Amino acid sequence: MSPEFSGNGYKKQSINKDTWAMLEIAHQEGIETVWDRLAKQQPQCGYCSLGTSCRICSMGPCRVDPFGEGPQKGVCGADADIIVARNLARTIAAGAASHSDHGRDILETLYRVGEGKTDVYKVSEPAKLRRLAAEYGLATDGKTDQQVAAALAWEMMEDFGMRRERLPFVGRAPKARQEIWDKTGVTPRGIDRENVEALHRTHMGVDNDWVNILLHAVRTSLSDGWGGSMLATELSDTLFGTPTPHMSQVNLGVLRADMVNIILHGHNPMLSEVIVAASQDPEIIQLAQSKGAKGVNLAGVCCTGNEVLMRKGIPMAGNHLMQELCIITGAVELMVVDYQCIMPAVTETARCFHTKVVSTFDKAKFPGAEHIHFDPEHGLEIGKQIVRMAVENFNNRVPGRVRIPVEPVPLMSGFSIEAILGALGGTPQPLVDAIVNGSIRGAVGIVGCNNPKIKQDLGHTELTKRLIENDVLVVVTGCATVADGKAGLMVPAAADLAGPGLRAVCKALGIPPVLHLGSCVDNTRILVLAAALANHLGVDISALPLAGAAPEWYSEKAVAIGAYVVASGIYTVLGVAPPVFGSLNVVKLLTEGLEGVFGATFAVEPDPNRAAVLIRRHIERKRAGLGLSALDPETISMPEAELALA
Ligand code: BF8
Ligand code: SF4
């Protein structure tokens, strides 16, 4: 690394050398980043942070002052409990809607495949297609894949509507869990229905019972986890292939100085899959070579990156906070985006370089980007058009401004549940045995985003290290993947960083102690695995030594995920406080009261070392509950010093 990339002034923002290097260049060249904008927002609104501001109607905006002398009610009479609950419910609805609308796009693609109306998509996993059809009660004998695809897609469209009493995937949860949902009245009926009802209930003067509002918010989140997101995962596997373990690479070092670089950013694999296909087209490679490039290099950012990493081994340039920074390398010809988590700022950053930003979905346009309407019926053609644009832009690159600051780090990806069960010999029994005999104490899903309020990737990596060294298996999705991957925790050799029990299991199977399960919609793979373990043992999910964590979450989607994970019986620790602390009643419900309803709660703990202790204590309590060898939770002591997070 050249001295100009020392980036020493930026260690507070991130644990990563590639981030430091790019921030130094941004500073030298006067390019604004997310951290600069966060600084300009200080101090952020205290009422909004507590969740006690409301602008739902035009008698407002209102804010209530739960701990002071100010107003205790909004103009309509809503108190802090109602306002906090309504805001939280709307957050969950927005997150669930985002995942589920993504699922709808994949579902429409399956339908087009069924109608024979697309030039590129096909059923890649006929066995999975038929398994899903059987789950939906459809006869498949004597039918072609195309006919089954059409029938299944048509049937699944009903999941979004109002004819069902319960979503079919709810049947995958253990019986005991389904009974809890029925008893509490939160069994999700229709995906769109729950979302719309959440908006209705939170209109002024509809649901004014804060507990009732939150129960419906839970139902909405379950329509995501056991509905829209699960459908997105299952159908993406059906169309694009069920992931299997393979090696790839991560960090800004995956960009190539000698190739045309395209960044795939967003969430929907429909688009990224066709770009992958187009980039391998011999004609396009030849065109790239005629421009002096060795070929076309693709790299992912955010969850679309996770999708193509899982299925195609495409390397990852970075997670959420890297989206502007990858453009600052000066090596990116084109960033193609679909939707979600794409900062409007990327087009501004791109203006400082030769980078083109191409938006593709009509529901997600970006001023400053070129918009190419994505039509799945002509996917490959559009994919080629976009890749060609990138190639044509190669000669506009300024070689002196190309700064790729680090060497890439290897990581292993591709752990679908099918792949995990395959590695175990087709049954969860070996994993159950390892948990029973204590060599693996339990398993934790570390998920979610980056947030510039937290030192980038510190929350993910510290928590992961503390867990694996204590024999807790970690599974990751979303932006947590990039954090742990960059830290070298996702290669089989990282087993050496694990405790003796987990290390032995990983070495025997040749797997890392941190398994990549995919994108954020793929958190449903965690639900499926948890349900499989629970059903195998004949217990409910809440009895298992499992936990979830979102150490650096920022997005509404993460709140929806947290809600469905807790409602599925899995204790979840958040690293960033959600805006609920203006209502002590809501806080008490989320952190204590839910235990009696769903057998799991939320906790908030920004220090990852302390979060690891909370999780390990929880796991030991669950082990004791199952009669497994357990440590005394109180012997797992809290670290003395709090870790500096900023
Ligand atoms: O859906 S982890 S920053 S990229 S929201 Fe976004 Fe968060 Fe990343 Fe994926 Ni998930
Ligand atoms: Fe104010 Fe009530 Fe209107 Fe909210 S709904 S803005 S609290 S009057």
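Whatever comes next refers back to the structure up there.
In this text, all values refer to a predicted model and were calculated from it rather than measured experimentally. (Residues numbered from 1 in each chain as written. Chains lettered and ligands numbered in written order. Predicted model: local features only at pLDDT ≥ 70, side-chain atom pairs only at ≥ 80, totals over all residues. Heavy atoms only, no water.)

Let us look at the packing of helix α10 (residues 269-279) against helix α15 (residues 379-392). Across the interface, α10 lies against α15 with an axial gap of 8 Å and an inter-helix angle of 65°. Relative to α15, the element α10 is oriented roughly perpendicular. Relative to α15, the crossing made by α10 is right-handed. The segment α10 lies against α15, with L271, V274, I275, A277, A278 and S279 engaging G379, L380, G383, K384, I386 and V387. Looking at the contact of α10 with α15 residue by residue, the class counts come to eight nonpolar, three polar and one charged. (Axes fitted to C-alpha atoms, helices over the stretch in contact; angles between N-to-C directions. Helix = DSSP H or I, 4+ residues; strand = E, 2+ residues; numbered from the N terminus. Parallel < 35°, antiparallel > 145°, perpendicular 65-115°, else oblique. Left-handed = near helix turned anticlockwise from the far one by under 90°. Contact = heavy atoms within 4.5 Å. Nonpolar A, V, L, I, M, F, W, Y, C, P; charged D, E, K, R; others polar.)

Here the focus is the coordination of the nickel atom of ligand 1. Working reference: metal with six octahedral donors, ideal angles 90 or 180 degrees; metal with four tetrahedral donors, ideal angle 109.5 degrees. Within the protein, a single donor atom binds the nickel atom of ligand 1, namely C520 (SG) at 2.2 Å. For the nickel atom of ligand 1, the four donor atoms are set out with angles of 90 to 159° between them, so the coordination reads as irregular. Structurally, C520 can be placed in the loop between β13 (514-518) and α21 (523-537). (Donors = N, O, S within 2.8 Å, 3.2 Å for Na, K, Ca; no water. Tetrahedral: all angles 85-135°; square planar, octahedral: opposite > 155°, others 65-115°.)

The next thing to look at is the packing of aromatic side chains. This model, assessed by the stated rule, comprises six aromatic pairs. Note on Y136 and F169: the rings are 5.7 Å apart at their centroids and 90° apart in plane angle, and the pair reads as edge-to-face. Of this pair, Y136 sits in the loop between α5 (126-135) and α6 (145-157) while F169 is found in the loop between α6 and α7 (175-184), placing the two residues 33 residues apart along the sequence. Looking at F169, the relative accessible area reads 1%, which means it is buried. Seen from their ring centres, W181 and W226 are 5.6 Å apart, and the 65° between their planes marks the pair as edge-to-face. Taken as a pair, W181 in helix α7 and W226 in helix α9 (residues 210-240) lie far apart in primary sequence, 45 residues in all. Here W181 falls in the buried class, since its relative accessible area comes to 0%. One residue, R63, lies across the ring of Y47, its end atom 5.4 Å from the ring centre. (Phe/Tyr/Trp six-rings, centres within 6.5 Å; stacked < 30°, edge-to-face > 60°. Buried < 20%, exposed > 50% of the residue type's maximum accessible area, 1.4 Å probe, protein only. Lys NZ or Arg CZ within 6 Å of the ring centre and 35° of its normal.)

Another point: the nonpolar core. Within the largest apolar cluster, 196 residues are counted, with the highest numbers of intra-cluster contacts made by W181, W226 and I615. The contact partners of I615, leaving out residues within four places of it in the chain, are V444, L463, L467, A547, G548, A549, Y571 and V573. Counting residues in each nonpolar core, the second largest holds six residues, with C54, V64, A80 and I83 among its members. (Core = buried A, V, L, I, M, F, W, Y, C linked by side-chain atoms within 4.5 Å.)

So, about unusual backbone geometry. Most peptide bonds are trans, and most residues other than glycine sit at a negative phi. Omega for the peptide link from Q42 to P43 comes to -5°, which places this bond in the cis form. Omega for the peptide link from G60 to P61 comes to 5°, which places this bond in the cis form. Considering the arrangement of structural elements, one finds P61 in the loop between β1 (53-54) and β2 (62-63). Phi at N251 takes a positive value of approximately 110°, unusual for a residue other than glycine. With respect to the helices and strands, N251 occurs in the loop between β3 (246-250) and β4 (260-265). Taking the relative accessible area as the measure of exposure, N251 reaches 5% and is therefore buried. Of note, C302 is a non-glycine position whose phi angle comes to about 60°, a positive value.

Neighbouring residues of ligand 1: H267, C302, C303, H320, C341, G448, C449, C479, C520, Y554, S555 and K557. Note that an oxygen atom of ligand 1 is positioned 3.0 Å from one of the side-chain N or O atoms of K557. (Near = heavy atom within 4 Å. Polar contact = N/O pair within 3.5 Å; in protein donor to acceptor, adjacent residues only side chain to side chain.)

Here we take up the layout of surface pockets. Roughly 1300 Å³ of volume is contained in the largest pocket. Taken together, 35 residues make up the lining of the largest pocket; nearest its centre are Q44, C48, K453, Y554 and P579. The set of elements that each furnish at least two residues to the lining of the largest pocket consists of α2 (34-40), α3 (46-50), β1, α4 (80-115) and α22 (556-567). (1 Å grid on protein atoms, 1.4 Å probe; cavity = no way out; pocket = protein on both sides within 12 Å on 5 of 7 lines; lining within 4 Å. Points joined across faces, edges and corners; volume = space filled by probe spheres on them.)

With that out of the way, let us pick up helix α8 (residues 191-201). Residues I191, E194, N195, E197, A198 and R201 constitute the buried set of α8. Looking straight down α8, one finds its buried side chains confined to an arc of 165°; they lie on one side. Of the residues in α8, the exposed ones pointing more than 90 degrees away from the buried face are V196 and H200. Elements that come into contact with the buried residues of α8 comprise α4 and α9. (Arc of directions from axis to C-beta.)

On to the sheet that holds strand β12 (residues 472-477), then. Strand order in the open sheet formed by six strands is β13-β12-β11-β14-β15-β16, with parallel pairing between adjacent strands. Whereas interior strands pair on both sides, the edge strands pair on one side only; in this sheet they are β13 and β16 (602-604). Sheet twist, expressed as the average angle between the axes of neighbouring strands with direction ignored, equals 25°. Pairing of β12 with β13, which is carried by four bridges, proceeds in the parallel orientation. Note that in β13 the partner of V474 across the bridge is V514. Against the sheet, α21 touches β11 (442-446), β12, β13 and β14 (546-550), its axis set at about 145° to β12. (Pairing = 2+ DSSP bridges.)

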